[in-house]
Amino acid sequence: MEGEFVHRPVLLEECIAGLDIKPDGVYADGTAGGAGHSVEIAKRLGAKGLLIAIDRDPDAVRVAQKRLSGYNAVVVHDRFSNIKSILSGLGRDRLDGMLLDLGVSSYQLDSPERGFSYRHDAELDMRMSKEGLSARDVVNTYSYEELRRILYEYGEERFSSQIASNIVKKRASCEISTTAQLAEIIKASIPQRFKRDKNPCKKSFQAIRIEVNNELGELSQALGDAFDSLKIGGRLAVITFHSLEDRLVKQRFADFSRGCICPPEFPVCICGRTPRGRLVGKKPVEPSCSELETNNRSHSAKLRIIEKIKD
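Residues numbered from 1 in each chain as written. Predicted model: local features only at pLDDT ≥ 70, side-chain atom pairs only at ≥ 80, totals over all residues. Heavy atoms only, no water.

Here's the deal with helix 11 (residues 215–229)
Here's step 1: The end-to-end C-alpha distance of helix 11 is 20 Å, a good match for the 21 Å that 15 residues give at a rise of 1.5 Å each.
Here's step 2: Counting buried residues along helix 11, 11 of its 15 residues qualify, which places the element largely inside the surrounding structure.
Here's step 3: Residues of helix 11 that are buried: Glu215, Leu216, Glu218, Leu219, Ala222, Leu223, Gly224, Asp225, Ala226, Phe227 and Ser229. (Helix = DSSP H or I, 4+ residues; strand = E, 2+ residues; numbered from the N terminus. Expected span 1.5 Å × (residues − 1). Buried < 20%, exposed > 50% of the residue type's maximum accessible area, 1.4 Å probe, protein only.)

The following block contains the structure:
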């Protein structure tokens, strides 16, 4: 398992610099994965420091436990949205920093049996935790309207209506149980002239994966709770890979950094609100040309960082 769990961390140097790691600090990696970011954070911690590596994927947890052995680190099998209860369970209440590297890991995509990829024929699954609602459940039980909505909202798929309609028609005669079956339905639903540039399945598979894992709901919960859990001067760093994630992070960070919210026609402020956070950099950090050349997964990655300045 460990040898197969290959995952090159994206924007590694930028994350480490952005977190401004203190040797005696407490840090959390909410998406441990193959422990690429986690190990580099742990290397910089002293005897009083602690890294909390979190992942909902039991395969990732087993690998992280091995790779973080010998460091001042604890590996937790949980969702990063539960950061407050995780801290409480460890007898901690505050963090000096937290990292979220969102989306699906290279290992999950490259393991056919996990059912994430349209490039391999496998059972429809896509569950990061290996528990609960699966892609097979979504495709075979959601109504036409529900399917159309998630394809349009989470995949920004312009042909969501056609794809949803064809899914409903196909499953009426037989259950859609494999990634290849779903991929064929999607390809048949999209006009030929729109298939030239990218694989036509990408957006729909992304949308279904987001629904299966409640990715946007988990992120929304985690952003608020992680920021609340930071010490003054602590930093929250988030790597996103598509516009829906990045928009949510950008909006929440802007809200944390916003002061007065009185209507502009008020002559003086009566709300008394002051910023709780400070953006580290006005624009998101993107991969360098050299990283784009050597790490294909870094394409479309954006790193945003915020520092807490007030509770």
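What to know about the layout of surface pockets
Here's step 1: Computed from the structure, the largest pocket encloses a volume of approximately 1,400 Å³.
Here's step 2: Contributions of two or more residues to the lining of the largest pocket are made by helix 5 (106–110) and helix 10 (202–213).
Here's step 3: For the lining of the largest pocket, the leading source of residues is helix 10, giving 5 residues.
Here's step 4: Looking at the lining of the largest pocket, its residues break down into 12 nonpolar, 14 polar and 15 charged. (1 Å grid on protein atoms, 1.4 Å probe; cavity = no way out; pocket = protein on both sides within 12 Å on 5 of 7 lines; lining within 4 Å. Points joined across faces, edges and corners; volume = space filled by probe spheres on them. Nonpolar A, V, L, I, M, F, W, Y, C, P; charged D, E, K, R; others polar.)

Description of the packing of helix 9 (residues 179–189) against helix 10
Here's step 1: Helix 10 packs onto helix 9 with a crossing angle of 125° between their chain directions and a minimal axis gap of 10 Å. Regarding the angle of helix 9 to helix 10, the classification is oblique. Judged by the sense of rotation from one axis to the other, the crossing of helix 9 with helix 10 is right-handed. Touching Thr179, Leu182, Ala183 and Ile186 of helix 9 are Ser204, Phe205 and Ile208, all from helix 10.
Here's step 2: Taken together, the residues of the contact of helix 9 with helix 10 sort by class into 5 nonpolar, 2 polar and no charged. (Axes fitted to C-alpha atoms, helices over the stretch in contact; angles between N-to-C directions. Parallel < 35°, antiparallel > 145°, perpendicular 65-115°, else oblique. Left-handed = near helix turned anticlockwise from the far one by under 90°. Contact = heavy atoms within 4.5 Å.)

Concerning the sheet that holds strand 1 (residues 26–29)
Here's step 1: Pairing within the open sheet is mixed, and its 7 strands lie in the order 3-2-1-4-5-7-6. At either margin of the open sheet sits one strand with a lone partner, and together these are strand 3 (73–77) and strand 6 (277–279). Neighbour to neighbour, the strand axes of the sheet diverge by 15° on average, direction disregarded.
Here's step 2: Two elements, strand 5 (residues 230–240) and strand 7 (residues 302–308), share 6 bridges in a ladder whose sense is antiparallel. Residue pairing for strand 7: Ile239 is matched across the bridge by Leu303.
Here's step 3: In this fold helix 3 (residues 58–67) packs onto strand 2 (50–55) and strand 3, with an angle of close to 165° to the strand it touches most, strand 3.
Here's step 4: Lying on the sheet, helix 11 is in contact with strand 4 (95–101), strand 5, strand 6 and strand 7; it crosses strand 5 at an angle near 155°. (Pairing = 2+ DSSP bridges.)

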